[in-house]
Amino acid sequence: MADIVKEFDDYRSKMNDKILADNNKIIKRIFNLDTNAYTKGALDVKTKELLGLVASAVLRCDDCVKYHLETSYKLGLTKEEVVEALSIATLVGGTIVIPHLRRAYEFWDALESPNK
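Reading the values: the criteria
Residues numbered from 1 in each chain as written. Predicted model: local features only at pLDDT ≥ 70, side-chain atom pairs only at ≥ 80, totals over all residues. Heavy atoms only, no water. Disulfide = S-S within 2.5 Å. Helix = DSSP H or I, 4+ residues; strand = E, 2+ residues; numbered from the N terminus. Expected span 1.5 Å × (residues − 1). Buried < 20%, exposed > 50% of the residue type's maximum accessible area, 1.4 Å probe, protein only. Arc of directions from axis to C-beta. Contact = heavy atoms within 4.5 Å. Salt bridge = Lys/Arg side-chain N within 4 Å of Asp/Glu carboxyl O. Polar contact = N/O pair within 3.5 Å; in protein donor to acceptor, adjacent residues only side chain to side chain.

## Quick look at the state of the cysteines
Okay, step 1: In this structure the tally under the stated criterion is one disulfide.
Okay, step 2: Through a disulfide, Cys-61 is tied to Cys-64; the S-S separation comes to 2.3 Å. Linking Cys-61 and Cys-64, the disulfide has an S-S dihedral of approximately 65 degrees and is accordingly described as right-handed.

Structure below.
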């Protein structure tokens, strides 16, 4: 995958390992809750990822947007599905979301183009 994807994955993995190594019960429970929230339930996993993507964009969390983009990509969501979700995020969040939308497009392109 493109460098920006690899850099994001490597950093996220390294820092998650470091954080979890401190063995803080509250942090571990939050990480566990986050993981379990995205499993199949009344909503399917793809829908939950799109919801996470929209919330992340509206809250302007670039790391969260990247995480949900990559997971959406791995789950087989299409660019059209992702862009439609991002369009809702931009509508709800307003024009302040546009810089995050730009970076989301850049990251999705990197996911689709492993040789960039």
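After presenting the structure, the write-up continues.
## Considering unusual backbone geometry
Okay, step 1: Its identity is not glycine, yet Asn-23 carries a phi of approximately 60 degrees, on the positive side.
Okay, step 2: Position of Asn-23 relative to the elements: it lies in the loop between helix H1 (3-21) and helix H2 (25-37).
Okay, step 3: One non-glycine residue with positive phi stands out, namely Arg-60, at about 60 degrees.
Okay, step 4: One can find Arg-60 in the loop between helix H3 (45-58) and helix H4 (62-74).

## Describing H1
Okay, step 1: With 19 residues, H1 should cover 27 Å at 1.5 Å per step; its first-to-last C-alpha distance of 27 Å lies within 8% of that length.
Okay, step 2: Within H1, the full set of buried residues consists of Val-5, Phe-8 and Asn-16. Down the axis of H1, the buried set is contained in an arc of 65 degrees. They therefore lie on one face. Residues Asp-3, Glu-7, Lys-14, Asp-17, Lys-18 and Ala-21 are exposed on H1 and point more than 90 degrees away from its buried face.
Okay, step 3: On its buried face, H1 sits against H2, H4 and helix H6 (98-112).

## Structural notes on the pattern of salt bridges
Close approach of charged atoms allows side chains with opposite charge to pair.
Okay, step 1: Counted by the stated rule, this structure contains four salt bridges.
Okay, step 2: Notably, a salt bridge pairs Lys-6 with Asp-10, separated by 2.6 Å at the nearest N-O pair. On the criterion of helical spacing, the pair formed by Lys-6 and Asp-10 is a turn pair, its members being four residues apart in helix H1.
Okay, step 3: Between Asp-62 and Arg-103 there is a salt bridge, with the nearest N and O atoms lying 2.7 Å from each other. Placement of Asp-62 in helix H4 and of Arg-103 in helix H6 is noted, with a sequence separation of 41 residues between them.

## Notes on H3
Okay, step 1: An ideal rise of 1.5 Å per residue puts 20 Å on 14 residues; H3 measures up with 20 Å between its terminal C-alpha atoms.
Okay, step 2: Within the sequence span of H3, burial applies to Lys-48, Glu-49, Leu-50, Gly-52, Leu-53, Val-54, Ser-56 and Ala-57.
Okay, step 3: Where H3 begins, the side chain of Asp-44 points an oxygen toward the backbone nitrogen of Lys-46, at a separation of 3.1 Å.
Okay, step 4: Of the residues flanking the end of H3, it is Arg-60, one or two places downstream, whose phi is positive at about 60 degrees.

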